[in-house]
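One-letter residues, chain by chain:
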Amino acid sequence: MTKTNAMRQLESAGISYVTYEYDSSDGKVDGVSVAEKIGKESEWVFKTLVTVGKTTGINVFVVPVECELDLKKAATAAGDKYVEMIKSRELEPQTGYVHGGCSPIGMKKSFPTFIEETAVLHKTIIVSAGRIGLQVELSPSDLARVACAVFSDLV
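Okay, so let's go over this structure. (Residues numbered from 1 in each chain as written. Predicted model: local features only at pLDDT ≥ 70, side-chain atom pairs only at ≥ 80, totals over all residues. Heavy atoms only, no water.)

In this section: the sheet that holds strand E3 (residues 57–64). Reading across from one edge, E4-E2-E3-E5-E8 is the order of the 5 strands in this open sheet, with mixed pairing throughout. Pairing within the sheet leaves two strands with one partner each, and these edge strands are strand E4 (83–85) and strand E8 (149–152). Across this sheet, the average inter-strand angle for adjacent strands is 35 degrees, counted without regard to direction. Where strand E2 (residues 46–53) lies against E3, 8 bridges are found, and the strand directions are antiparallel. The residue bridging Phe46 from the neighbouring strand is Pro64, located in E3. Of the strands in this sheet, E2, E3, E4, strand E5 (113–116) and E8 are in contact with helix H3 (residues 71–78), which crosses E4 at around 120 degrees. (Pairing = 2+ DSSP bridges. Helix = DSSP H or I, 4+ residues; strand = E, 2+ residues; numbered from the N terminus. Axes fitted to C-alpha atoms, helices over the stretch in contact; angles between N-to-C directions. Contact = heavy atoms within 4.5 Å.)

If you want it as structure tokens, here you go:
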């Protein structure tokens with residue numbers, strides 16, 4: 001398996017993680033499908049969403065796959081009046097990741113990152129490893145540390 005930027009960053013930070021590969025050839029890369037494919041409960045799997053704030057610019061949010069990001073709560077967490085989802089065509093140039101394979105770890109630049117506060121209720125959570133077909137499992141506190149993220153009410 002080829003290591004991703006996210007995996008290399010975890011290793012350089014001395015953070016242990018578990019990887020999961022799954023077959024994405026059917027095109028089903030939504031979080032609930034990914035949870036089924038790797039044999040994990042969907043409440044452990046989190047998705048990475050990237051937004052653009054009116055004044056803050058790009059912000060990254062990590063929320064459970066079964067939940068919707070509340071844009072008002074996201075704006076409040078980011079210290080902005082308004083945020084909207086980044087346009088798909090802007091995702092890869094800004095982050096280095098494609099839709100369906102966006103990790104909160106190892107982006108091209110460091111962006112303000114926020115993790116749904118309920119993540120701390122889990123011993124570990126699963127996020128994209130930075131490539132479609134690959135996930136990593138790690139503790140929420142390790143994710144927050146490596147992504148320089150804070151826990152916030154987002155859903």
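Following the structure, the description resumes.
Core analysis: the largest hydrophobic core is formed by 30 residues, its most contacted members being Leu10, Val50, Val127, Val136, Leu138 and Leu143. Of all elements in the fold, only helix H1 (5–12), E2, E3, strand E6 (125–131), strand E7 (134–138) and helix H5 (140–147) reach the threshold of two or more residues within this core. Ranked by the residues each element gives to this core, the list is headed by H5, at 4 residues. Judged by nonpolar contacts, the second largest core, of 10 residues, contains Phe61, Val63, Ala75 and Ala78. (Core = buried A, V, L, I, M, F, W, Y, C linked by side-chain atoms within 4.5 Å. Buried < 20%, exposed > 50% of the residue type's maximum accessible area, 1.4 Å probe, protein only.)

This paragraph deals with the packing of aromatic side chains. A complete count under the given rule lists 1 aromatic pair for this structure. With 5.2 Å between their ring centres and 20 degrees between their planes, Phe61 and Phe114 make a pair best called stacked. Here the residue Phe61 occupies a position in strand E3, and Phe114 occupies one in strand E5, the gap between them amounting to 53 residues. Across this residue pair, the class does not change: Phe61 and Phe114 are buried. (Phe/Tyr/Trp six-rings, centres within 6.5 Å; stacked < 30°, edge-to-face > 60°.)

On to the pairing of E7, then. The buried fraction of E7 amounts to 5 of the 5 residues, a majority that puts the element mostly inside the structure. Burial along E7 is two-sided: Leu134, Val136 and Leu138 and Gln135 and Glu137, pointing in opposite directions, are all buried. In the sheet, strand E1 (residues 18–21) pairs with E7 via 4 bridges, with the strands oriented antiparallel. By the bridge assignment, Val18 is partnered in E7 with Glu137.

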